[in-house]
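Residue-level listing of the chains:
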Amino acid sequence: MPAADAAIIGRRKEFVAELRKMVPGEGVIDDDASLAAYECDGLMAYRQRPLAVVLPETVEQVSQVLGYCHREGLKVVPRGSGTSLSGGALPLADGIVMAMGKFNKILEVDYANRCAVVQPCVTNAAVTERVTSEGFYYAPDPSSQIICSIGGNVAENAGGVHCLKYGTTSNNILGLQMVLMDGSVVRMGGKHLDAQSLDMLGLICGSEGLLGVVTEITVRVLRTPETQRALLLGFSDVESAGACVAKVIAEGVVPAAMEIMDRTAIHAAEAFVKVGYPLDVEALLLIEFDGSPVEVDHFIAMVNEIAKKAGAVSSQQSNSEEERKNFWAGRKAAFPAIGKISPDYYCMDGTIPRSKLPQALRKISELSDEFGLEVANVFHAGDGNLHPMVLYNADKDGDLEKAEQFGAAILTLCVELGGVLTGEHGVGVEKRDLMEVQFTEADLDQQLRVKCVFDDQGLLNPGKVFPKLRRCAEGGKMHVHHGELRFPDIERY
Amino acid sequence: MGEVFRPKNSDEVSSAVKDALNMKASLELFGQGTRRSLGRPVKADASLDMSALTGVQMYEPEELVMVVAPGTPMREISQVLIEHNQQLAFEPPDYGPLWGLPADKGTVGGMIMTGRNGPRRLSAGGVRDYVLGVKGVNGFGELFVSGGRVVKNVTGFDLPKILTGSFGTLCAATEITLKLLPLPPEAATLVVSGLKDGQAVAAMTRVLTETSIPVSSAAHLPAEIAKLSRVDSISARQNSATLLRVEGFGPSVESGIQGLKKVFGSLSDMFVLDKAETQQLWKEVTNASFFIQTEKPIWKLSVPPSEAAAIMSKLGKGLTTQYFYDWAGGAIWIEAPASEDAGEAAIRGTLDSVVVGDGHATLIRASEEVRANIAPFHPLSPVLAAVEDRLRKQFDPQGMFNPGRMYGVRNAN
């Protein structure tokens, strides 16, 4: 992380006193015991106690606090539910955390326009809960949906198992209200569909809290499909399961979800939840369909045929809601199940073109031998999003470092195969230093210039996403000549 | 018009931009130039003709992904996709005939950069949802890559989103990666005849909120528009037509249409269009072909669907009787009488008073003179306008690319 600024840390009392004027009562936390709760997010290997935590309740307060921090050069780390798996909400020793927990209300549900207006710390699942009685739901379903916030979903452009058919957060939001680092409040989009001018909404989504603090989100809600049914297909090798996925797509079918688990993951899941997964197969392919009963029946029959030709050795179809949920229970329990068979695991999140799946798995298996660490694979096969879990033991000397190196090797492999470092967990702190594997200096430079548009002093969530800072200047005066060491006076972290 | 650069690859694009940078020259970017009627007329020192960067560079049907050079004709892309039963699901419109040009012209770069969406915006999303990656040359002359070729990608800022629909004001795109979807094998449309505007929007809303029928698009053609359709069963009735389209495999379409009929059970006047008629009719809706016969100004409004009928009722039939609704009311197409402001004051004034900041009106057709004098794109809030201005400077410091095409001309530095 960037070296902490001792002068800023020295002014802590002054900052806290000033912030208390803006957010009175218990809205500013500065005692050590309470600050400890904010030390880390879902990436628990990294911890840092922040200077203070501010819990604003109104947009006006967010604006005042950001404006103040902008004037004082005080860094700000926005935080929702703190479930980031990439360290997106990791605090800074010389910065405050802006925790949005009090923005937890659903402001409006507008069925006529098929949308809901929510505050950023409403949880993902709460949106669906609220509209379910009227036959609606919110489509993106990251596995942390019970706790993760919509604001965090926007920051990470969260996906989930159903984004093959329904898209990620970016495809499911219509409008935002956001406070910029200088305190100005801006609205983009609304309840209408098309962008007025440049698609700012699309840019903000997935920007990992580097461009502004979102204070309100208009999400699309969809009608709940009439029926959902799933197929559970067994294969004698993972490659055939991958090939089956490609054939389903080639036949013009886009299921609601397609998930693959490898042998290690199947056995761990079965031992954990006992749902009756076949244990004599090398891979399980779980395919879900939704729609009218007629449509779903049609797809089940069609895909069963495709699977047979693709070499499926077992096939079960859900005939009740209970059975369908059972099929999913093992997949959804995959992470905790791995936690049972290994003291620690490190979950990766690269995406590759689907056709490279066999190649990727072979190489991951070779890397597993090379690093001497076991790996279990689950992945969103429909969109090539891999979640290899590297098993290690943090108590064993050097194991964590080995796991991290193994993880980095997997992500580098994803990029080499034409894919990307992260499909849904975000870059954060975790993959920051790998950004140069995927992007050239010019690519990153253009992204950093966009950062300058919103945050000219680099005060908002610094140390995340980008391996180096860029000094902001209008009009491109900072043009860099090829080969030169850029900004030698700017620290690299 | 001064010098014309016609680069053949990204390196040549970069050189051309660097030359222009050195000369402090502005550039008009175009492919075949068929979409010049959208936005303000550009007055630039030189031209950057992108039409020589052509070809489908990668197409993997099983991956639902395609990489194309920006100058590739849309016609070529459509042909390749149809051979594999695939499509660009957002139904890219062809406004050529609307502007007095031949149909089926234009390049994929122009399509992406002008960011217009067809009827399936309602269910499948817009252009922005299908552009996975863009390579381009910014106003520094630097080639940069953004996005990727996979759908699930949160690595770095999602620059393809702001490049899509940026009218060539941020960069000269040199390569575009598109997400594709299978072509639905069957399609049908339920037509309900004789509904008034308010009833029609309410009916479309009812279908979308009270049933789970996967309607892919929903539009309402008032009688004055319906009679201009080339689909006989629509024009012959001399009455309004509310259209609900269902697409997919045979059994899905059949059960969808049956479900829709049940919703409208008490209404007697309804009928079903088969696949061929459905394709013809929705092509007319996509391309707003009903307005081909005149040269009057055309606006497209994007609004919350529930406000659509109220906006039109407030605007009053005094301004025009030529309008229709798409996106279940979320889009309103209006042909305005020819006038100095092309009806801007009335249309934007009414829209702003009804939806208060939640919606906008874009000028789709007007003479060059009119487009030079009024804002083709709805004015932005001051904060957003300032952000956009800063953003453009960070891509194009000299204001070189298509100056003024979207909003006012910016002074270089």
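Conventions adopted
- Residues numbered from 1 in each chain as written.
- Chains lettered and ligands numbered in written order.
- Predicted model: local features only at pLDDT ≥ 70, side-chain atom pairs only at ≥ 80, totals over all residues.
- Heavy atoms only, no water.
- Helix = DSSP H or I, 4+ residues; strand = E, 2+ residues; numbered from the N terminus.
- Rg over C-alpha atoms; globule rule 2.2 N^0.38 Å.
- Buried < 20%, exposed > 50% of the residue type's maximum accessible area, 1.4 Å probe, protein only.
- Contact = heavy atoms within 4.5 Å.
- Areas by Shrake-Rupley, 256 points an atom, 1.4 Å probe, with all protein chains shown as cover.
- Buried area = accessible area lost by both parts, 1.4 Å probe.
- Salt bridge = Lys/Arg side-chain N within 4 Å of Asp/Glu carboxyl O.
- Core = buried A, V, L, I, M, F, W, Y, C linked by side-chain atoms within 4.5 Å.
- Domains from an automatic or database assignment.
- Pairing = 2+ DSSP bridges.
- Axes fitted to C-alpha atoms, helices over the stretch in contact; angles between N-to-C directions.

Student: Mind laying out the overall build of chain A, listing which residues take part and the relevant values?
Tutor: Looking only at helices and strands, chain A has 17 helices and 18 strands in total. A globule of 493 residues ought to have a C-alpha radius of gyration of about 23 Å, and chain A, at 23 Å, matches this closely. Across its three principal directions, the C-alpha atoms of chain A cover 70 × 55 × 45 Å. Burial status across chain A gives 62% buried among its 493 residues. Considering only contacts within chain A whose residues lie at least 6 apart along the sequence, 72% involve residues at least 24 apart. Of the roughly 17,700 Å² of accessible surface on chain A, 50% is carried by carbon and sulfur atoms.

Student: Lay out helix α10 (residues 263-273) of chain A in plain terms, naming residues and giving numbers.
Tutor: Structurally, the α-helix is built with 3.6 residues per turn, so residues lying three or four positions apart point the same way. Listed in full, the buried residues belonging to α10 of chain A are Ala265, Ile266, Ala268, Ala269 and Glu270 of chain A. For α10 of chain A, the secondary structure elements touched by its buried residues are β13 (257-262), β14 (283-291), α12 (321-332), α13 (334-341) and β17 (375-380) of chain A.

Student: Which residues make up the interface of chain B and chain A, and what values do they have?
Tutor: Facing 71 residues of chain B, the contacting portion of chain A comprises 94 residues. Interface area for chain B against chain A, summed over the two sides, is near 7,100 Å², with a carbon-plus-sulfur share of 58%. Contact with chain A buries area across many residues of chain B, yet Lys152, Val154 and Phe157 of chain B alone supply 14% of it, more than any other trio. In this structure, Asp194 of chain A and Arg121 of chain B form a salt bridge, with 2.8 Å as the shortest nitrogen-oxygen distance.

Student: I'd like a description of the nonpolar core, backed by residues and values.
Tutor: Side chains that are nonpolar tend, in soluble globular proteins, to be buried together. In this structure, Leu203 and Phe454 of chain A together with Leu221, Ile234 and Leu243 of chain B are the most contacted members of the largest nonpolar core, which totals 153 residues. With sequence-adjacent residues up to four places away left out, Leu221 of chain B is seen in contact with Ala226, Ile234, Ser240, Ala241, Leu243, Leu281, Val285, Phe290 and Phe324 of chain B. In terms of nonpolar packing, the next biggest core, distinct from the first, is built from 43 residues, Val253, Leu260, Ala309 and Ile374 of chain B among them.

Student: Outline the domain arrangement of chain A, listing residues and values.
Tutor: Domain annotation of chain A identifies domain 1 (6-99), domain 2 (106-223), domain 3 (227-335) and domain 4 (342-426). Averaged C-alpha coordinates put domain 1 of chain A and domain 3 of chain A at centres separated by 45 Å.

Student: For the sheet that holds strand β8 (residues 143-147) of chain B, give the residues involved together with the corresponding values.
Tutor: With antiparallel pairing, the five strands of this open sheet are ordered in space as β4-β5-β9-β7-β8 (chain B). At either margin of the open sheet sits one strand with a lone partner, and together these are β4 (56-60) and β8 of chain B. For this sheet, the mean inter-axis angle between neighbouring strands, taken without regard to orientation, is 15°. Sheet topology places strand β7 (residues 131-138) of chain B next to strand β9 (residues 171-179) of chain B; seven bridges connect them, and they run antiparallel. Across the sheet, Asn138 of chain B pairs through a bridge with Cys171 of chain B, a residue of β9 of chain B. Set on the sheet, helix α17 (residues 441-454) of chain A makes contact with β7 and β8 of chain B; between it and β8 of chain B the angle comes to about 70°.

Student: Please provide a residue-by-residue account of the domain arrangement of chain B, values included.
Tutor: Residues and elements named next belong to chain B. The domain boundaries assigned to chain B delineate domain 1 (49-181), domain 2 (186-287) and domain 3 (290-373). Placing the centre of domain 1 and that of domain 2 at their C-alpha centroids yields a distance of 29 Å. Listed per partner, the contact involves eleven residues of domain 1 and eleven residues of domain 2. Taking both partners together, domain 1 and domain 2 bury about 770 Å²; carbon and sulfur atoms supply 53% of that area. Among the residues domain 1 hides against domain 2, the three largest losses belong to Pro119, Arg120 and Leu122. Together they make up 56% of the total. Of the charged contacts in the structure, one is a salt bridge between Glu247 and Arg120, with a shortest N-O distance of 2.8 Å.

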